Amino acid sequence: MSDSSPLPPVRLHTEAELARDALSTPLLARAARLARWAGPDTRVDAGGGLVDEQVPAAAEALGLSGEDAAADASEAWRVAVDAGLVEVVDEEEGTVTAGADVALLTGGSPQDVLAVWLAALETVLADASVPDLDGLVDEDGEVDLSALDWDPEGEAEFLDGVLGNLYLLTAGEDTPGGAPVPLPALAASVIVPSDMGEPTNDVLEQVSDAMMRLDDQFRMLEPVGFVEYQPVDEALMADVDEEPAAPVDDTDVSRYGMVRLTPLGLYGMRTRLMEAGFEAPAVGDLADKGADALLDGTAGFPPGAAQAETEQWLQRRESLAAARELLAAARGSDAGAPLRRLRCQQALSLVGASAEPALREVLDDAELGGLARVWLTEHGAVDVPAPSESMVYWLTIDTVAAQLAAEGNSEELRALVQGLAQQHGGFFAAVWRVDHPATADVLEAMGRLHPDKKVAKEARKAAFKARSQQGG
């Protein structure tokens, strides 16, 4: 991902809903319970972690048992300290007290709760980048880091890259949450070069190794409410290195792990991305901005997100005033103007009949008269003047230019190009004269997209004439 390119817009839950989700996550709930459990006799080590003698009592306070009880209690305590739910008051004595942020979980605003959750998330993400140290403890009880091939910065970058790709896959959906992503595909997205055809055995081995790292990491990220995760089926761990083979077909891919960001995880990732300098829009960001910001801002949105953003914008405005503001913002001869007019047309389709006066006011406007006639006709208005032939051609060029900007060489655009050429025998002979900044570019695109070689040649000839006219 490049921090100069905006990411797809996400559709977030409300802060109140997200705060409720955060409070119900197992890890934050445990951290809060330990913060309230801690007292004058609670002792911590130099790093703020519970001393070994205290861990069993902490696990008991959380109702934990089994072989993972001590590790889970220690993790919950680390989160409590890092999120400000517990404060170390005397480092030499190792004494603690309840932190000021404990009260925020019950009496704070949704933003306060989410701030505590984000701090907890950062603790878990940092832990997830640390490899399993089991088996690396020497005879003196010290961790032998020389036996560990670990690059802390590289490991954190790897996890950030994976989570960034998971965000892209989630944000690209028209509905929040999206479908779960197979772990092999997610691992491959950061390992396999984009220009590689058939992955080599070495690359496939790297993907398999990455899957195993991610399996551990997503298991850690699930209790903090960041992801929903279906782990790798342990029955697949057949060889001595415990690395699974690639799935045979799509029917068994879920056995190799499936992951999705939760609504809370989507919020957390967007926050982290923005802090890292990325432009990460969310639906609703433009609701209090002007029509120019709405039309430009939704230019690159997928249809569902663009409509949702526009609906929120319209909800805050009176219909007639909104229509006038949209039409005024749609004017222009710059390269982005055709797509602005397309977004304006889509926005006006959501406005009721009360907007009719605004559309009648622009019937004689060279740039807006065509779309105004379309809107009025679709809404059953009477006495709509017929467009001139030049206005029809101008609107045609403007529409194709907008579609090119929005979709590129899509199948829908190919069908539109074929339909235009078929419905008017002298189309190319007339359209090259249209006084529109995009005429030549549109005709060149039509020549590129039309499957009939003869028609395509006519389009290219017309584009040449249009280019010559513009040059003259």
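Everything here concerns the structure above.
The following refers to the structure shown. All figures in this text were calculated on a predicted structure; none of them were measured in a lab.

### Structural notes on the overall build of the protein
Secondary structure assignment for the protein yields 21 helices and five strands. Within the protein, the proportion of its 472 residues that are buried is 43%. Taking the intrachain contacts of the protein between residues at least 6 apart in sequence as the baseline, contacts between residues at least 24 apart amount to 66%. Approximately 23,700 Å² of the protein is accessible, and the part contributed by carbon and sulfur atoms is 49%.

### Overview of helix α18 (residues 411–423)
For α18, which comprises 13 residues, the first-to-last C-alpha distance of 19 Å matches the rise-based estimate of 18 Å (1.5 Å per residue) to within 8%. Inspection of α18 places L413, V417, L420 and A421 among the buried residues, and these make up the whole buried set. Buried residues in α18, looked at end-on, bunch into an arc of 95°, giving them a common side. When the buried face of α18 is taken as reference, the exposed residues oriented beyond 90 degrees from it are E411, E412, Q422 and Q423.

### Topic: the packing of helix α6 (residues 110–128) against helix α9 (residues 201–221)
Running from N to C, α6 and α9 cross one another at 160°; their axes reach a closest spacing of 9 Å. Considering the angle they form, α6 stands roughly antiparallel to α9. As for the relative orientation of α6 and α9, their crossing is right-handed in sense. Contact with α6, carried on its side by L121, V124, L125, D127 and A128, involves Q217, M220 and L221 of α9 and no other residues of that element. Broken down by class, the residue content of the contact of α6 with α9 amounts to six nonpolar, one polar and one charged.

### Examining the nonpolar core
Residues L85, W117, Y167, F218, F226 and V227 are the most contacted members of the largest nonpolar core, which totals 77 residues. Among the elements that line this core, the one with the most residues is α6, at ten residues. Here F218 is in contact with V162, L163, L183, L186, V227, Y229 and V259, once residues within four sequence places are set aside. Judged by nonpolar contacts, the second largest core, of 28 residues, contains W313, A329, V351 and L363.

### Side note on a positive patch on the surface
Residues R433, K457, R460, K461 and K465 make up a contiguous surface patch of positive charge. Secondary-structure assignment places K465 in helix α21 (residues 453–471). What makes K465 partly exposed here is its relative accessible area of 43%.

### Overview of the side chain of T42
Along the chain, T42 turns up in the loop between α2 (26–37) and α3 (55–61). A distance of 2.9 Å separates the side chain of T42 from the backbone nitrogen of G39, its partner in a polar contact. The residues contacting T42, other than those within four sequence positions of it, are W37, L50, Q54, W77, G94, T95 and V96.

### Some points on the packing of aromatic side chains
Counting across every chain of the model gives four aromatic pairs. Consider the rings of F218 and Y229, whose centres lie 5.5 Å apart with planes at 45°: the pair is tilted. Placement of F218 in helix α9 and of Y229 in strand β4 (residues 227–230) is noted, with a sequence separation of eleven residues between them. Accessibility expressed as a relative area gives 0% for F218, which makes it buried. You can call Y229 buried: its relative accessible area is 7%. A centroid spacing of 5.2 Å and a plane angle of 80° characterise the contact between F427 and F428, whose relative ring orientation is edge-to-face. A relative accessible area of 3% means that F427 is categorised as buried. Its relative accessible area of 7% is what places F428 among the buried residues. Joined through ring pairs, the aromatic side chains of Y393, F427 and F428 make up one cluster.

### Observations regarding the side chain of E75
Secondary-structure assignment places E75 in helix α4 (residues 69–82). An unpaired buried charge is present at E75: no salt bridge exists, and R78, the closest side chain of opposite charge, is 4.9 Å distant. Apart from residues no more than four positions distant in its own chain, E75 is found in contact with L27, V124 and D127.

### Observations concerning the environment of F427
Locating F427 in the fold gives a position in helix α19 (residues 427–431). For the pair F427 and E458, spaced 31 residues apart in sequence, the C-alpha separation works out to 9.6 Å. Non-local contacts of F427, meaning those with residues more than four positions away in its chain, are made with Y393, T396, L420 and M446.

### With respect to the pairing of strand β5 (residues 258–261)
The pairing of strand β3 (residues 181–182) with β5 spans two bridges and is antiparallel. When the sheet's bridge partners are listed, V181 is paired in β5 with V259. Here four bridges tie β4 to β5, and the two strands are oriented antiparallel to one another. Looking at the pairing, Q230 lines up with M258 of β5.

Criteria and thresholds
- Residues numbered from 1 in each chain as written.
- Predicted model: local features only at pLDDT ≥ 70, side-chain atom pairs only at ≥ 80, totals over all residues.
- Heavy atoms only, no water.
- Helix = DSSP H or I, 4+ residues; strand = E, 2+ residues; numbered from the N terminus.
- Buried < 20%, exposed > 50% of the residue type's maximum accessible area, 1.4 Å probe, protein only.
- Contact = heavy atoms within 4.5 Å.
- Areas by Shrake-Rupley, 256 points an atom, 1.4 Å probe, with all protein chains shown as cover.
- Expected span 1.5 Å × (residues − 1).
- Arc of directions from axis to C-beta.
- Axes fitted to C-alpha atoms, helices over the stretch in contact; angles between N-to-C directions.
- Parallel < 35°, antiparallel > 145°, perpendicular 65-115°, else oblique.
- Left-handed = near helix turned anticlockwise from the far one by under 90°.
- Nonpolar A, V, L, I, M, F, W, Y, C, P; charged D, E, K, R; others polar.
- Core = buried A, V, L, I, M, F, W, Y, C linked by side-chain atoms within 4.5 Å.
- Patch = residues over 30% accessible without salt bridge, like charges linked within 9 Å, V, L, I, M, F, W, Y side chains within 5 Å.
- Salt bridge = Lys/Arg side-chain N within 4 Å of Asp/Glu carboxyl O.
- Lys, Arg positive; Asp, Glu negative; His and termini not counted.
- Charge placed at Lys NZ, Arg CZ, Asp CG, Glu CD.
- Polar contact = N/O pair within 3.5 Å; in protein donor to acceptor, adjacent residues only side chain to side chain.
- Phe/Tyr/Trp six-rings, centres within 6.5 Å; stacked < 30°, edge-to-face > 60°.
- Pairing = 2+ DSSP bridges.

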